[in-house]
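Geometric and topological summary
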Amino acid sequence: MKIGIAADHAGLEQKGKLLELLKEKNFDIQDFGAFEYESDDDYPDVVAPLAKALSDHKIDRAIAVCGSGVGVSIAANKFPGVRAALISETYSAHQGVEHDDMNMICVGGRVLGTSLILELILAFLKAEFQHKERFVRRLDKVLDIEKKNFK
């Protein structure tokens, strides 16, 4: 599984810690930036390359970090095929993948600690979409909405 990660200035410190921990666990990770602290960078500029790579199937899953996680989740969902959600507890981290085929986890670097963020990411990465009829039906409806609104 190829994983992408990105963070703005507010998530940069957490991203650095997460990269180390995930590489120690032998995950294949591509860093999409930011690569240095710039207090006036904007989260859409940082998350856009990550979301584009996910949309273009260059990566399989994505991790986005900003101060609260809200901004990156809003921006990422503007790309076709990206199903990003702000996650702050483990149930949603795996359930979002299992039931909704979530492919990007968004977290708040200023509101969650590194240990919890890592726990959320591991739950997200270990989860697989359950191809039960009701989950496929619901995902198909989401994909139909996307086809009508992304041209």
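Above this note sits the structure.
A brief look at the structure comes next.

What counts as what
Residues numbered from 1 in each chain as written. Predicted model: local features only at pLDDT ≥ 70, side-chain atom pairs only at ≥ 80, totals over all residues. Heavy atoms only, no water. Axes fitted to C-alpha atoms, helices over the stretch in contact; angles between N-to-C directions. Helix = DSSP H or I, 4+ residues; strand = E, 2+ residues; numbered from the N terminus. Parallel < 35°, antiparallel > 145°, perpendicular 65-115°, else oblique. Left-handed = near helix turned anticlockwise from the far one by under 90°. Contact = heavy atoms within 4.5 Å. Nonpolar A, V, L, I, M, F, W, Y, C, P; charged D, E, K, R; others polar. Patch = residues over 30% accessible without salt bridge, like charges linked within 9 Å, V, L, I, M, F, W, Y side chains within 5 Å. Areas by Shrake-Rupley, 256 points an atom, 1.4 Å probe, with all protein chains shown as cover. Salt bridge = Lys/Arg side-chain N within 4 Å of Asp/Glu carboxyl O. Lys, Arg positive; Asp, Glu negative; His and termini not counted. Charge placed at Lys NZ, Arg CZ, Asp CG, Glu CD. Buried < 20%, exposed > 50% of the residue type's maximum accessible area, 1.4 Å probe, protein only.

Our focus in this paragraph is the packing of helix α1 (residues 12-24) against helix α5 (residues 114-126). Where α1 contacts α5, the axes come no closer than 10 Å and their chain directions differ by 55°. As summarised for this structure, α1 and α5 are arranged oblique, according to the angle between their axes. Our pair here, α1 against α5, has a crossing hand that is right-handed. Counted together, Q14, K17, L18, L21 and L22 of α1 and T114, I117, L118, I121, L122 and L125 of α5 form the full contact between these two elements. Residue composition of the contact of α1 with α5, grouped by class: 8 nonpolar, 2 polar and 1 charged.

On the surface, K132, R134, R138 and K141 cluster together to form a positively charged patch. Looking at where R138 falls in the secondary structure, it is placed in helix α6 (residues 133-149). Since its relative accessible area comes to 43%, R138 is described here as partly exposed.

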